[in-house]
Amino acid sequence: MMNILDQIQQVQRELSDHGATQSIILTRTFDTSPENLWDVCTSPEQLPHWFEPVSGELREGGRYRLDGSGSEGTIQRCEPPSRLSVTWEYEGEVSHVELTIRETDGRATARLEHLVPVDDHWETYGPAATGVGWDSAFLSLTLYLAGDPRGEPSEMEAFSASQEGIEFVRRTAEAWAQVHIAAGADPAQARTAAENTIVVYTGVEQVE
């Protein structure tokens, strides 16, 4: 059975500073073809099995809605099987997400970029708040592609409440803190932001 914590090292994490916004970037290569990965990431039949149910006008220029979280947006670019760009709208906040897929030695490499504003939320939680969420999505996707039932949303919810799930959040948040520091953030502030994120995701206060 796949070791979930080992999967943390399979994701490349980056942060790109655009002044008023920051790009949170995750890249990972999956054991499947680009065409299949595109289908798994965009099909309304497959998305509920590892991410969220999606509805709406699922075409370029159309509006989509994720029926689990209530996030919605506009599909700005849709170029199968290589590029999908959408707005990400939640509780009045608007950001942007772009997924690109390319072939790497017969496998599929996904690069997900989430462009978020530098605001009070960013100052409190840093890149980990968004990054940990997408790390969890990449984990679900990995499990689903491997035929592992732990990738199902109900199973992931139970995993999140387990000690292993809490450790997954802690390690990924700390990985994002290191990316934040490498991008020039004050180390103490970056670690505090990551700790704030861990508490939000797990409800567990960090012990000094």
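The coordinates are above.
Conventions used here
- Residues numbered from 1 in each chain as written.
- Predicted model: local features only at pLDDT ≥ 70, side-chain atom pairs only at ≥ 80, totals over all residues.
- Heavy atoms only, no water.
- Helix = DSSP H or I, 4+ residues; strand = E, 2+ residues; numbered from the N terminus.
- Rg over C-alpha atoms; globule rule 2.2 N^0.38 Å.
- Contact = heavy atoms within 4.5 Å.
- Areas by Shrake-Rupley, 256 points an atom, 1.4 Å probe, with all protein chains shown as cover.
- Lys, Arg positive; Asp, Glu negative; His and termini not counted.
- Charge placed at Lys NZ, Arg CZ, Asp CG, Glu CD.
- Salt bridge = Lys/Arg side-chain N within 4 Å of Asp/Glu carboxyl O.
- Buried < 20%, exposed > 50% of the residue type's maximum accessible area, 1.4 Å probe, protein only.
- 1 Å grid on protein atoms, 1.4 Å probe; cavity = no way out; pocket = protein on both sides within 12 Å on 5 of 7 lines; lining within 4 Å.
- Points joined across faces, edges and corners; volume = space filled by probe spheres on them.
- Nonpolar A, V, L, I, M, F, W, Y, C, P; charged D, E, K, R; others polar.

Q: Can you lay out the overall build of the protein for me, pointing to particular residues and giving the numbers?
A: If you tally the helices and strands in the protein, you get 6 helices and 8 strands. Going from the N terminus to the C terminus, the protein shows its helices and strands as β-β-α-β-β-β-β-β-β-α-α-α-α-α. For the protein, whose C-alpha radius of gyration is 17 Å, the value lies close to the compact-globule estimate of 17 Å for 208 residues. Its C-alpha atoms give the protein principal-axis dimensions of roughly 45 × 40 × 35 Å. Put simply, 52% of the contacts in the protein that link residues at least 6 apart link residues at least 24 apart. By element, 48% of the accessible surface of the protein is carried by carbon and sulfur atoms, the whole surface being about 10,500 Å². Of the side chains in the protein, 14 bear a positive and 35 a negative charge, and the two mean positions are spaced by 5 Å.

Q: Outline the environment of Ala182, listing residues and values.
A: Considering the arrangement of structural elements, one finds Ala182 in helix 5 (residues 163-182). Between the alpha carbons of Ala182 and Gly62 there is a distance of 38 Å; along the sequence they are 120 residues apart.

Q: Tell me what's going on with the pattern of salt bridges, and back it up with residues and numbers.
A: By the definition in use, this model includes 13 salt bridges. With a closest N to O distance of 3.9 Å, Glu72 and Arg63 form a salt bridge. In this structure Arg63 comes out as partly exposed when scored by relative accessible area, which is 34%. Glu98 is the partner of Arg83 in a salt bridge, and the nearest nitrogen-oxygen pair spans 3.0 Å. On the criterion of sequence distance, the pair formed by Arg83 in strand 6 (residues 83-90) and Glu98 in strand 7 (residues 93-104) is long-range, its members being 15 residues apart.

Q: Break down empty space enclosed by the protein for me, citing the residues and quoting the values.
A: Summed over the entire model, instances satisfying the criterion amount to 1 cavity of 30 Å³ or more. Here the largest cavity is characterised by a volume of approximately 40 Å³. As for the largest cavity, its lining consists of Gln7, Ile8, Val11, Arg13, Arg28, Asp135, Phe138, Leu139 and Phe168. Tallied by class, residues from the lining of the largest cavity come to 5 nonpolar, 1 polar and 3 charged.

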